[in-house]
Amino acid sequence: MFPLWKAILSESLLGYISWSLYHALPPMIYYFPLQTLALTGLEVFAVAFFSPIFLTIGPFWRLANNKYVLAVLRLTMVGSLASYQAPNASIRLLILAAGVSSSLLVQTVTWWSGNSVQRFIRIWGFMLGKIMLLVLRIWYTSLNPVWSSQVANTIILTIGFVAAVEQIHSGGNKSKQETNKTGNVVRQTASHPHWFLSGIAFGSLMFLTLWIFGEVSLISRWAVSGHPHTGPDPNPYGGTVLLGLAHGLMLSFWSWSSVISFALFLIGLASSAGLLYLHTWSAAVAGNILGIFTMCVWPQLAGRFVSCLHPGKAMSTAMFAYVLELFFCVWCTAYKFVPGGVYIRESSHLLLGFIMLCIGVDFLTGPKKDLSSVFEVKSNQKPLFKKSKNYIKLLLWLFVGVGLLGLGLRYKTYHKKLGQGVPKRDFSAMIWPFRFGYDNEGWSNLEGSANLLNQTGGYTHLCGRWIFLLMVQWLFNFCHVIMALSRYPIIKSTHHLLPSPEGEIAPAISLTVNFTGKLVDFVVAHFGNEEEDLDRKLQAIAVSNLLKTSSKQVVFLGYITSAPGSRDYTELIKNGNVQDIDSTDRDRWCSYIMYRGVIRLGYARISHAGLSDSEVQMAKFRIPDHVDSYVDNDRIVTDPSQVPEDIHFNPRFGSYKDGHNYVPIHHFHMSTPKYFKRTN
């Protein structure tokens, strides 16, 4: 009993490590091209996914099956987690690539070698590793702890080495007698010669699992709409996604007739379309059903996959499909910056349709039996298989229980109502082009960004490109994505797509925020690139109309890729009927804060310190008692002692500074902070 438990736990942890590596490498590859908006050559590191092609060569296959070489590959796979502690991003990328290559070699060799129980546990360990990844992300506020904290990285690295050594030791004594004649071992269960079809299907299934189910909140973000009818919130309804995935795995233990399999595929196909084309709760329900279908077919497709006669060819084909779909995902979104991108602009529906087709063909044409039925189980092994299944189910629900507990504890904190207390007259607004979730050196900047937002204080808007997250989530098919964060309740919001006939899609959000009884409108927008003059012209007109039709009290936070005084700037000011927070600041290019019907109190620009490639801009405003009869502040002062202390910006960012701040710390710069007073 105990050795079986150890084997399942060890393989689950190693499966989690493999999934973590597969999640981590693509963003590292594409981070640099996205920063420079061009291909850099680092895309070549994607060949790490093609390491199984070496196993199509007989001598390499025999070498990889050597217990000492396999042990080195296992340790390399686990050791590559230390890439998080590498001195720079380039070295990290190299180590990650080595880890992915090793992981795929180990996966190919171990899934096709060993006795039936070992292979069964290894494959199920990989699937349970995916559930473990989701659960750990729940507890680590949606981040993977192994890539988010040096302490967590070191702990998981240590436990990973223990698990790898355990598997090396437990498999070492048996490997010589069971895997030296690998061809015979493969042929014992290889009744399925169509390695190409199974490889394409398995690679597509892996990509689907990573793309849509990489985190339990993604389904709700696909389904999200404006307030007040936003659809399900990520917490607690991310728990339904976790439950759906678990129930899908439980259903996989059944055997189905051809009719049931066909009906199940039609349900999965319909749910994928529903996720794309429905909204809010309907889309979320479709996404949950898709999750059940996805995990339900995992064991069956994995079983057919490992039944192929040619392990190296099958896994290489799977990774070819995986990487091809990954590239397509990038191409259809970053179409403006890649060759041929214009032909697949905003075509994620084609990608999802292709994936479902590949899965469906393999799913419907093969035998309808569970994973254990794929292996030729000797009569004396049947009790062991039965115990393995029971332990796998128990561990699955243990993971789910831990995940739901984490969501519950997060919900308890998250559910605290915002904006309680006396009505607020003063508020802060902020705009920040936040790039890709990585800093300028290629390291994750999510926690650093959260710290910066807390330090700025007050009411916060965030505007920016979340390409890095979208490479995993691909929420809306935009190159530019905006997000509005508020410390006060958003009572109404609408998502807009601005005109973009030639260039990148440009989003906008109009929303109304309740400052404990006082309502203020906001418009947040991200224009397309400066090269597309027609796009920018049409986008400026569209946003000016949004501003014009907003309430008497509105704040605009925009990234408009135009200089002060330009055509687009003037369109917003005049036709949108708003004022610039500081019309004397001529040294701006993209980020702007404008307003109407509120009183300006302060304006600050804070250097990015390498956390992004763009500075933070902030403004402080006061809501007048009478919107039809108030006087705005018209005098600029830079001495904070001339204004009340309660409207000062956080002194953590230093004091007034002329010109750019090139020191790698967040500091006021560009002749700010400024405060505004009324002329006596």
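The rules we used
- Residues numbered from 1 in each chain as written.
- Predicted model: local features only at pLDDT ≥ 70, side-chain atom pairs only at ≥ 80, totals over all residues.
- Heavy atoms only, no water.
- Helix = DSSP H or I, 4+ residues; strand = E, 2+ residues; numbered from the N terminus.
- Buried < 20%, exposed > 50% of the residue type's maximum accessible area, 1.4 Å probe, protein only.
- Contact = heavy atoms within 4.5 Å.
- Areas by Shrake-Rupley, 256 points an atom, 1.4 Å probe, with all protein chains shown as cover.
- Pairing = 2+ DSSP bridges.
- Phe/Tyr/Trp six-rings, centres within 6.5 Å; stacked < 30°, edge-to-face > 60°.
- Lys NZ or Arg CZ within 6 Å of the ring centre and 35° of its normal.
- Polar contact = N/O pair within 3.5 Å; in protein donor to acceptor, adjacent residues only side chain to side chain.
- Axes fitted to C-alpha atoms, helices over the stretch in contact; angles between N-to-C directions.
- Expected span 1.5 Å × (residues − 1).
- 1 Å grid on protein atoms, 1.4 Å probe; cavity = no way out; pocket = protein on both sides within 12 Å on 5 of 7 lines; lining within 4 Å.
- Points joined across faces, edges and corners; volume = space filled by probe spheres on them.
- Nonpolar A, V, L, I, M, F, W, Y, C, P; charged D, E, K, R; others polar.
- Parallel < 35°, antiparallel > 145°, perpendicular 65-115°, else oblique.
- Left-handed = near helix turned anticlockwise from the far one by under 90°.
- Salt bridge = Lys/Arg side-chain N within 4 Å of Asp/Glu carboxyl O.
- Patch = residues over 30% accessible without salt bridge, like charges linked within 9 Å, V, L, I, M, F, W, Y side chains within 5 Å.
- pLDDT = per-residue confidence, 0-100.

Q: Mind laying out the overall build of the protein chain, listing which residues take part and the relevant values?
A: A count of helices and strands for the protein chain gives 20 helices and 13 strands. Each of the 680 residues in the protein chain was classed as buried or not, and the buried ones make up 59%. Within the protein chain, residue pairs in contact and separated by at least 24 positions form 77% of the contacts whose partners lie at least 6 positions apart. Of the roughly 26,900 Å² of accessible surface on the protein chain, 62% is carried by carbon and sulfur atoms.

Q: Tell me about the sheet that holds strand 5 (residues 506-515), and please be specific about residues and values.
A: If you trace the six strands from one edge of the open sheet to the other, you get 4-5-6-7-9-8, paired in mixed fashion. Of all the strands in the sheet, just strand 4 (490-498) and strand 8 (579-580) have a single pairing partner and so form its edges. Pairing between strand 8 and strand 9 (residues 591-596): two bridges, direction antiparallel. What sits directly across from D580, in strand 9, is M594.

Q: Describe the packing of aromatic side chains, and please don't skip the residues or the numbers.
A: Tallied over the full model, the rule gives 32 aromatic pairs. With a centroid separation of 4.7 Å and 20° between ring planes, the pair formed by W19 and F126 is classed as stacked. Of this pair, W19 sits in helix 1 (residues 2-36) while F126 sits in helix 5 (residues 116-139), placing them 107 residues apart in sequence. Like W19, the residue F126 is buried in the burial classification. Lying across the ring of F253, K393 places its NZ or CZ 4.6 Å from the centre.

Q: Provide a residue-level description of the environment of S204, including the pertinent values.
A: You can see S204 is positioned in helix 8 (residues 195-212). Distance in space between the C-alpha atoms of S204 and L324 is 9.5 Å, their sequence separation being 120 residues. A distance of 2.7 Å separates polar atoms of two side chains, one belonging to S204 and the other to E325.

Q: So what about the sheet that holds strand 10 (residues 599-606)? Which residues, and what values?
A: An order of 1-11-10-13-12 is seen for the five strands of this open sheet, with the pairing classed as antiparallel. Bordering the open sheet on either side are strand 1 (426-431) and strand 12 (635-637), each of which pairs with just one other strand. On average, each strand axis in the sheet is tilted by 20° relative to the strand beside it, whichever way the strands run.

Q: Go over unusual backbone geometry, please, and point to the residues and values.
A: With omega at 5°, the peptide bond leading from H227 into P228 counts as cis. The step from T672 to P673 runs through a cis peptide bond, and the omega angle for that step is 10°. For P673, the location among the structural elements is in the loop between strand 12 and strand 13 (674-677). Although it is not a glycine, S142 adopts a positive phi angle of roughly 75°.

Q: Provide a residue-level description of helix 8, including the pertinent values.
A: With 18 residues, helix 8 extends 26 Å from end C-alpha to end C-alpha; this agrees with the ideal 26 Å at 1.5 Å per step. Counting buried positions along helix 8 yields 15 of 18 residues, so the element is predominantly enclosed.

Q: Could you give an account of empty space enclosed by the protein, naming the residues involved and the relevant values?
A: Over the atoms rolls a probe the size of a water molecule, and in doing so it shows where empty space is left. Within this structure, the stated rule accounts for three cavities of 30 Å³ or more. Approximately 140 Å³ is the volume found for the largest cavity. Along its surface, the largest cavity is lined by 13 residues, and E11, L14, S18, V106 and W111 are the ones closest to its centre. Elements supplying a minimum of two residues to the lining of the largest cavity: helix 1, helix 3 (67-79), helix 4 (89-112) and helix 5. No other element matches the five residues that helix 4 contributes to the lining of the largest cavity. Class assignment of the residues belonging to the lining of the largest cavity gives a composition of five nonpolar, five polar and three charged.

Q: Could you give me a rundown of the environment of W397, with the residues and numbers involved?
A: Within the element layout of this structure, W397 appears in helix 16 (residues 382-414). Taking the C-alpha atoms as reference, W397 lies 9.9 Å from M250; in sequence the two are 147 residues apart.

Q: Break down helix 4 for me, with residues and values.
A: Counted at 1.5 Å a residue, the expected span for helix 4 with its 24 residues is 34 Å, and the 35 Å between its end C-alpha atoms agrees. Across the 24 residues that make up helix 4, a large majority, 19, are buried. Here helix 4 starts with a cap whose side-chain oxygen sits 3.1 Å from the backbone nitrogen of S90, and that cap is N88. Among the residues trailing helix 4, G114 stands out with phi positive, at a value near 100°.

Q: Quick rundown of the packing of helix 8 against helix 14 (residues 348-365)? Include the residues and the values.
A: Contact geometry for helix 8 and helix 14: axes closest at 9 Å, N-to-C directions at 130°. With respect to their mutual orientation, helix 8 and helix 14 come out oblique. Every pair of crossing elements has a handedness; the one defined by helix 8 and helix 14 is left-handed. Of helix 14, the residues touching helix 8 (which contributes L197, S198, I200, A201, S204, L205, F207, L208, W211 and I212) are S348, L351, L352, I355, M356, C358, I359, V361, D362 and T365. Looking at the contact of helix 8 with helix 14 residue by residue, the classes come out as 15 nonpolar, four polar and one charged.

Q: Explain the environment of Q455 to me, using residue names and the numbers behind them.
A: Within the secondary structure layout, Q455 lies in helix 17 (residues 446-456). Residue Q455 is classed as partly exposed on the basis of its relative accessible area of 27%. As a C-alpha pair, Q455 and R652 span 197 residues in sequence and 7.7 Å in three-dimensional space. Q455 has contacts with N650, R652 and F653, leaving out every residue within four places of it along the chain.

Q: An account of the pattern of salt bridges is needed here, citing residue identities and associated values.
A: Oppositely charged side chains are able to pair whenever their charged atoms sit close together. What the rule picks out here adds up to 14 salt bridges. For K674, the salt bridge is made with D582, and the minimal N-O distance between the two is 2.7 Å. Taken together, the residues K674 in strand 13 and D582 in the loop between strand 8 and strand 9 connect sequence positions 92 residues apart. The same class applies to K674 as to D582, namely buried. Between R605 and E615 there is a salt bridge whose closest N-O contact spans 2.6 Å. Of the two residues, R605 sits in strand 10 while E615 sits in the loop between strand 10 and strand 11 (616-622), which places them ten residues apart along the sequence. Classification of R605 by relative accessible area gives buried; the value is 5%. We classify E615 as buried; its relative accessible area is 14%.

Q: Let's hear about a nonpolar patch on the surface: which residues, and what values?
A: On the surface, I53, F54, I57, F60 and L63 cluster together into a nonpolar patch covering about 460 Å² of accessible area. On the secondary structure map, F54 appears in the loop between helix 1 and helix 2 (58-65). Here F54 falls in the partly exposed class, since its relative accessible area comes to 45%.

Q: Give me the confidence of the model for the protein chain: which residues, what numbers.
A: Taken as a whole, the protein chain shows an average pLDDT of 85; of its residues, 87% reach a score of 70 or greater. Ignoring residues within four places in sequence, the model shows residues 175-185, a span with pLDDT below 50, making 16 contacts including any to other chains. This model gives residues 458-479 a pLDDT under 50, and the stretch forms 112 contacts once residues within four places in sequence are excluded.

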